[in-house]
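# Notes for the structure review
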Amino acid sequence: VLVIPLVYETDMLGLLVLLSEQTDSFTTYQIDLLKIMCNQASTSISNAKLHAEIEKMATTDGLTGLFNHRVFQEKFISEIKRLQRTSEPLTLLLADIDFFKKVNDTYGHPAGDLVLRETSIIIRKTIRDIDIPARYGGEEFAVILPNTDSTGGLHIAERLRKNIMEAVFNS
């Protein structure tokens with residue numbers, strides 16, 4: 001058994017485990033070569049993780065975890081272009097939180113942030129996996145509902161309104 005840790009700086013990323021039925025089946029040269037390859041693999045894995053993290057930061061709203069306004073615009077344009085090729089319906093929901101300024105003024109911005117985070121969780125739980133939720137700006141949210149006609153969009157909008165209205169936001 002040969003085990004080589006995949007380490008980048010101080011992070012353990014994994015292990016390379018090689019098994020052989022023969023004892024002493026790996027030469028010192030092979031082990032050294034595997035260590036070099038594992039070192040490069042660790043760097044590549046770490047770079048891929050960093051790239052994914054940067055991409056997430058560039059595409060999602062830091063507070064809510066929903067798509068940001070820029071990504072929303074790109075996805076909406078893409079859906080409009082899809083509409084030109086197909087006859088599938090599309091619904092766009094735009095919503096804002098009533099009296100949000102009053103929440104911030106009365107309870108402070110941390111309470112307002114909590115309301116935004118919890119609202120985004122409710123949105124994600126209420127919509128389908130194919131739907132595209134975004135923080136449009138401030139206390140405004142948008143949801144693109146592919147393959148959804150106006151009746152279906154109204155049903156989802158009402159379900160969202162009801163779920164958010166019934167929510168209790170405790171800090």
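Bear in mind that the values here come from a model prediction, so they are computed numbers and not experimental data. (Residues numbered from 1 in each chain as written. Predicted model: local features only at pLDDT ≥ 70, side-chain atom pairs only at ≥ 80, totals over all residues. Heavy atoms only, no water.)

In this section: the pairing of strand β5 (residues 140–146). Within β5, six of the seven residues are buried, which leaves it mostly tucked inside the rest of the structure. Examined bridge by bridge, strand β3 (residues 90–96) and β5 share seven bridges and lie antiparallel to one another. When the bridges of β5 are listed, Leu 90 appears paired with Pro 146. Bridge analysis of strand β4 (residues 132–137) against β5 gives five bridges, and the strand direction is antiparallel. (Buried < 20%, exposed > 50% of the residue type's maximum accessible area, 1.4 Å probe, protein only. Helix = DSSP H or I, 4+ residues; strand = E, 2+ residues; numbered from the N terminus. Pairing = 2+ DSSP bridges.)

What follows deals with the packing of helix α4 (residues 109–126) against helix α5 (residues 150–166). The geometry of a pair of packed helices is captured by two quantities: the angle between their axes and the separation between those axes. Put simply, α4 and α5 touch, their axes get as near as 10 Å, and they point 140 degrees apart. In this view, α4 runs oblique relative to α5, as classed from their interaxial angle. For α4 against α5, the interelement crossing comes out right-handed. Residues Thr 119, Ile 122, Ile 123 and Thr 126 of α4 touch α5, and the partners they reach there are Arg 159, Leu 160, Asn 163 and Ile 164. Along the lines of polarity and charge, the residues of the contact of α4 with α5 split into four nonpolar, three polar and one charged. (Axes fitted to C-alpha atoms, helices over the stretch in contact; angles between N-to-C directions. Parallel < 35°, antiparallel > 145°, perpendicular 65-115°, else oblique. Left-handed = near helix turned anticlockwise from the far one by under 90°. Contact = heavy atoms within 4.5 Å. Nonpolar A, V, L, I, M, F, W, Y, C, P; charged D, E, K, R; others polar.)

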